[in-house]
Amino acid sequence: MSDRLTIGQLYPANVHPAALQRPQASKNSVSTEASFESMLQKNMLKFSNHAAKRLEQRGIELGSSQLDQISSAVDKAAAKGSKESLILMKDMALIVSVPNRTVVTAMDGSSMKDNVFTQIDSAVIIS
């Protein structure tokens, strides 16, 4: 016999092991799942390690509504072709890499004063 059995798998005595193999998922469904996951990852707002440290150091906490506003601001900047954007939100400033949808750094109101923002090509003001 040339049938290959996997160690640890049990088969009924009257059924050939080849008959129990699962059908392969179609390539189309696999690519659909992958494209959905990649689309989801592309649309998610991320925070760099540096930005996460700054948020923690400066006691800035972002709620889900604020995250939605920031994500919307990134979408607007992307629609205009921005690469690096300053997002001003009440008493907070965020520098965002628009193509990567990644917050690079964050500042509270006191850290923003007398500060010069460089290497940005756009600004989005959220009220």
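Above this text sits the structure in question.
Residues numbered from 1 in each chain as written. Predicted model: local features only at pLDDT ≥ 70, side-chain atom pairs only at ≥ 80, totals over all residues. Heavy atoms only, no water.

1. A look at the pairing of strand β3 (residues 92–97)
Most of β3 sits out of view: 6 of its 6 residues are buried. Burial along β3 is two-sided: M92, L94 and V96 facing one way and A93, I95 and S97 facing the other are all buried. Sheet analysis places strand β2 (residues 84–89) next to β3, joined by 6 bridges and oriented antiparallel. Among the inter-strand pairings, L88 is bridged to a residue of β3, identified as A93. The hairpin formed by β2 and β3 contains 2 residues between the paired strands, and K90 there has a positive phi angle of roughly 50°. Strand direction decides the pairing type here: β3 and strand β4 (residues 102–108), joined by 6 bridges, are antiparallel. Paired with S97 across the strands is T102, a residue of β4. (Buried < 20%, exposed > 50% of the residue type's maximum accessible area, 1.4 Å probe, protein only. Helix = DSSP H or I, 4+ residues; strand = E, 2+ residues; numbered from the N terminus. Pairing = 2+ DSSP bridges.)

2. Quick look at the side chain of S71
The topology assignment puts S71 in helix α3 (residues 64–79). There is a polar contact of 2.7 Å between the side chain of S71 and the side chain of R101. Apart from the residues within four sequence positions on either side, S71 is in contact with N43, L45 and R101. (Polar contact = N/O pair within 3.5 Å; in protein donor to acceptor, adjacent residues only side chain to side chain. Contact = heavy atoms within 4.5 Å.)

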